[in-house]
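Each chain is listed here by its residues.
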Amino acid sequence: IRFLRNFVGINTIALSINSRSDDVNNEILGHRLDVPVKQYELCKLLKEYGFNIRCCFNLNKDYNNYDYIEIFDRVKNQYLADQVTFRVLYTSDTSTPQGKWIAKNQICNAWLNGLSDWLVKFKSTGTNVYGTSLRDVDGISVFFDQNCIGKHHTVNDVDAKHFILCPNCKLYSSWDSKASLVF
């Protein structure tokens, strides 16, 4: 963490959160069992090093059981987040293990509609580069990403919405292609 902050110059870390349970989240993300990520402990450590934290909630059926206020209580008090992204997951290819998982674990539309209705009650602080409104929810910037795979801007001739830092310490523009190496 110190290396990322002091030598690479990264100041914001985005955490993919698929479940409030560390065990379930680690399993879904494919983390090694001998080095599990403990979400709240990691967030506390990131804050100690001065990072901004962006919690990216990958909305799946696990969230059907929680309301938005409960999630935001955790965002503020346990994740210590500065920014939140709610990602609607979708797949165009259900033949891959990831596509099968997404198809099987879709969040219900009523939850998504409720989230959208709840967010419009909060002040808009503008739009992001993708044209989606950012909301101020108790001092936390919130983005409801209904097109999580969309590609909208170019960086170093790579058309990408997100960059992924992989365990090999290389940066990629796509989760599923080694050819998407940025540097």
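Residues numbered from 1 in each chain as written. Predicted model: local features only at pLDDT ≥ 70, side-chain atom pairs only at ≥ 80, totals over all residues. Heavy atoms only, no water.

A. Structural detail: the nonpolar core. Residues F57, L59, F86 and W111 are the most contacted members of the largest nonpolar core, which totals 31 residues. Broken down by secondary-structure element, the contributors of at least two residues to this core are strand 1 (12-17), helix 3 (39-48), strand 2 (52-59), helix 4 (68-77), strand 3 (83-88), helix 6 (109-119) and strand 6 (140-145). The element contributing the most residues to this core is helix 6, with 5 residues. Aside from chain neighbours lying at most four places away, what touches L59 is F86, R87, L89, I107, W111, L112, L115 and F144. (Core = buried A, V, L, I, M, F, W, Y, C linked by side-chain atoms within 4.5 Å. Buried < 20%, exposed > 50% of the residue type's maximum accessible area, 1.4 Å probe, protein only. Helix = DSSP H or I, 4+ residues; strand = E, 2+ residues; numbered from the N terminus. Contact = heavy atoms within 4.5 Å.)

B. Seen up close, the sheet that holds strand 2. Reading across the sheet, the 6 strands line up as 1-2-3-6-5-4 and stay open at both edges, with mixed pairing between neighbours. The outermost strands of the open sheet, each flanked by one partner alone, are strand 1 and strand 4 (124-127). Within this sheet the neighbouring strands show an average axis-to-axis angle of 25°, counted without direction. As paired strands, strand 3 and strand 6 are joined by 5 bridges and run parallel to one another. Note that in strand 6 the partner of V84 across the bridge is V142. Where helix 3 meets the sheet, its contacts fall on strand 1 and strand 2, and the angle it forms with strand 1 comes to roughly 175°. Strand contacts of helix 6: strand 2, strand 3, strand 5 (133-137) and strand 6, with the helix running at about 140° to strand 6, the strand carrying the most contacts. (Pairing = 2+ DSSP bridges. Axes fitted to C-alpha atoms, helices over the stretch in contact; angles between N-to-C directions.)

C. How the structure looks around the pattern of salt bridges. Applying the stated criterion to the full structure yields 3 salt bridges. Measuring nitrogen to oxygen at the nearest pair gives 2.8 Å for the salt bridge that ties R32 to D34. For the pair R32 and D34, one class covers both residues: exposed. Ionic pairing is found between D82 and K47, a salt bridge with its closest N-O pair at 2.6 Å. (Salt bridge = Lys/Arg side-chain N within 4 Å of Asp/Glu carboxyl O.)

D. How the structure looks around the packing of aromatic side chains. Taken as a whole, this structure holds 11 aromatic pairs when the rule is applied. Considering the side-chain rings of Y68 and W111, the 4.9 Å spacing of their centres and the 65° angle between planes classify their relative orientation as edge-to-face. In this pair, Y68 is assigned in helix 4 and W111 in helix 6, connecting sequence segments 43 residues apart. W111 gets classed as buried once you look at its relative accessible area, which sits at 6%. Here a set of aromatic residues connected by ring pairs shows up, and it is made of Y40, F57, Y63, Y68, F72, Y79, F86, W111, W118 and F122. Seen from the ring of F51, R5 lies directly overhead, with NZ or CZ sitting 5.7 Å from the centre. (Phe/Tyr/Trp six-rings, centres within 6.5 Å; stacked < 30°, edge-to-face > 60°. Lys NZ or Arg CZ within 6 Å of the ring centre and 35° of its normal.)

E. The arrangement of the pairing of strand 6 in detail. Within strand 6, 5 of the 6 residues are buried, leaving the element largely enclosed by the surrounding structure. Pairing geometry for strand 5 and strand 6, over 4 bridges, is antiparallel. Of the residues in strand 6, the one forming a bridge with V137 is I140. Between strand 5 and strand 6, which pair antiparallel one after the other, the connecting turn spans 2 residues, and D138 there sits at a positive phi close to 55°.

F. Here's a closer look at the confidence of the model for the chain. Per-residue confidence for the chain gives a mean pLDDT of 83, with 87% of residues at or over 70. Averaged pLDDT values over the elements of the chain bottom out at 44 in strand 8 (residues 158-159) and peak at 95 in helix 3. For residues 149-160, every residue scores under 50 in pLDDT, and the model assigns this stretch 20 contacts once sequence neighbours within four places are set aside. (pLDDT = per-residue confidence, 0-100.)

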